[in-house]
Amino acid sequence: MIIAKQKKEENIVEYLLYMWQIEDILRAYKLDIEKLDEVIVSQYQQDENTKKEIREWYDNLIQMMKLEHIEESGHLQININLVNDLNDLHIELLQNPQEIQYNALFFKTLPFLVEFRSKLKAGEETNDIQLSLHSLYAILLLKLQKKEISKDTEVAVKQISSFLAVLSQKYKHWLEEEPQ
C-alpha cells in the first residue's frame, strides 16, 4: 500500500507493473489474508495502525479479485482502466502534430513491439500500451527466475522502458492539468 501509493503518484507505469506483481503475490498465497498477514504484513516496520491499513488494503484487493473472478489470472478492472487511460493518452499524443519527439520515440519502439507481439502471441486486440507493459512484466518475471535474457531482448526492453517512461511523465503532466 505504501509503495503502491508512492508509485502511483510518481510513475504510473511502475505502479501498474507493481500492482500486477501484487496480484500474482496474492494468487501465490491463494488469496488468503491470514497467510498474507502472517508472511507479509507482519514484516512491515510500521506502527499497528499502519499495519492495519496495509492489511485492509491487501484484503480489499483480495475481495476485488474474487468479485471480478480473477483468482487464477487477469488484472483488476481498476488496473485495466489505468492501462486504457494510458492508451487513450498515447493515441492522443500520436495524433498531436506538436508531439514530434513522442511520435519519433514510439516509432523507434514499434519494431520491438511487433517482435514481442509475435513472441507473446498477443493478438491485434492487444493495444501497444498493454503489449509494452506485458513485455516488461514478462522480462521482470524472467529476471526474478534468474533466467538469461539475450542482448537483443535487453536492447528491446531498454527502448520500451524509455518509451513508457516518457508516456508516464506525460500522463502525470496530463493528470496535473485535468480539472478536479
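A brief structural summary. (Residues numbered from 1 in each chain as written. Predicted model: local features only at pLDDT ≥ 70, side-chain atom pairs only at ≥ 80, totals over all residues. Heavy atoms only, no water.)

### Looking at the side chain of Arg27
Keep this limit in mind: Segments assigned H or I by DSSP are reported as helices when at least four residues long, segments assigned E as strands when at least two residues long, and all are numbered from the N terminus. In protein, a polar contact requires one atom able to donate a hydrogen and another able to accept it; more generally it is a pair of N or O atoms within 3.5 Å, and residues adjacent in sequence count only if both atoms are side-chain atoms. The contact definition used throughout considers only heavy atoms, calling two residues in contact when any of these lie within 4.5 Å.
Along the chain, Arg27 turns up in helix α2 (residues 12-28). Of the polar contacts made by the side chain of Arg27, one reaches the side chain of Asp24; its length is 3.1 Å. Filtering out sequence-adjacent residues up to four positions away, Arg27 remains in contact with Met65, Ile70, Glu71, Glu72, Ser73, Gly74 and His75.

### Digging into helix α6 (residues 100-119)
Note the threshold: In this analysis, the expected span of each helix is defined as 1.5 Å times one less than the number of residues it contains. We define the bend at any residue as the angle between the axes fitted to the seven residues before and including it, ending there, and the seven starting there. Here's how the labels work: a residue is buried when its accessible area is under 20% of the maximum for its type, exposed when over 50%, partly exposed in between, all with a 1.4 Å probe on protein chains only.
When the terminal C-alpha atoms of α6 are compared, their 29 Å separation across 20 residues agrees well with the 28 Å that a helix rising 1.5 Å per residue should span. The principal kink in α6, of about 35 degrees, is found at Leu110, preceding the proline Pro111 by one to four residues. For α6, the set of buried residues is Tyr102, Asn103, Leu105, Phe106, Thr109, Leu113, Phe116 and Arg117.

### Side note on the packing of helix α5 (residues 77-95) against helix α7 (residues 128-144)
Definition in use: Helix axes are fitted to C-alpha atoms over the stretch in contact, other axes to C-alpha atoms as well, and angles between N-to-C directions run from 0 to 180 degrees. Here is the rule for angles: anything less than 35 degrees is roughly parallel, anything more than 145 is roughly antiparallel, 65 through 115 is roughly perpendicular, and the remaining ranges are oblique. Put simply, Ala, Val, Leu, Ile, Met, Phe, Trp, Tyr, Cys and Pro go in the nonpolar bin, Asp, Glu, Lys and Arg in the charged bin, and everything else, Gly too, in the polar bin.
In contact at an axis separation of 8 Å, α5 and α7 are set at 125 degrees when each is read in the N-to-C sense. By the criterion of interaxial angle, the relationship of α5 to α7 is oblique. Residues Val83, Leu86, Asn87 and His90 of α5 form the contact with α7, whose participating residues are Asp128, Ile129, Gln130 and Leu133. Each residue belonging to the contact of α5 with α7 can be placed in one class, and the counts come to four nonpolar, three polar and one charged.

### Side note on the layout of surface pockets
To be explicit about the condition: Every definition here rests on a 1 Å grid over the protein atoms only: cavities are sets of points where a 1.4 Å probe fits but cannot get out, pockets are open sets enclosed by protein on both sides within 12 Å along at least five of seven lines, and lining residues have some atom within 4 Å of a point. Grid points are joined across faces, edges and corners, and a volume is the space filled by probe spheres set on the points.
Each pocket or cavity is described by its volume, and for the largest pocket that value is around 150 Å³. Of all elements in the fold, only α5 and α8 (151-177) reach the threshold of two or more residues within the lining of the largest pocket.

### A short note on the pattern of salt bridges
This is how the line gets drawn: Salt bridge criterion: a side-chain nitrogen from Lys or Arg within 4 Å of a carboxyl oxygen from Asp or Glu.
This structure, assessed with the given rule, holds seven salt bridges. The residue Lys7 makes a salt bridge to Glu14 at a minimum N-O spacing of 3.3 Å. Using a relative accessible area of 40% as the deciding quantity, one classes Glu14 as partly exposed. Put simply, Glu115 and Lys119 hold a salt bridge, and the shortest N to O gap is 3.2 Å. With Glu115 and Lys119 both in helix α6 and four residues apart, this pair spans about one turn of that helix.

### Brief notes about the environment of Ile129
With respect to the helices, strands and loops of the structure, Ile129 is situated in helix α7. Each C-alpha atom, one on Ile129 and one on Lys7, is 18 Å from the other, the two residues being 122 residues apart in sequence. Dropping the residues within four chain positions of it, Ile129 is found in contact with Val83, Leu86, Asn87, His90, Phe163 and Leu167.

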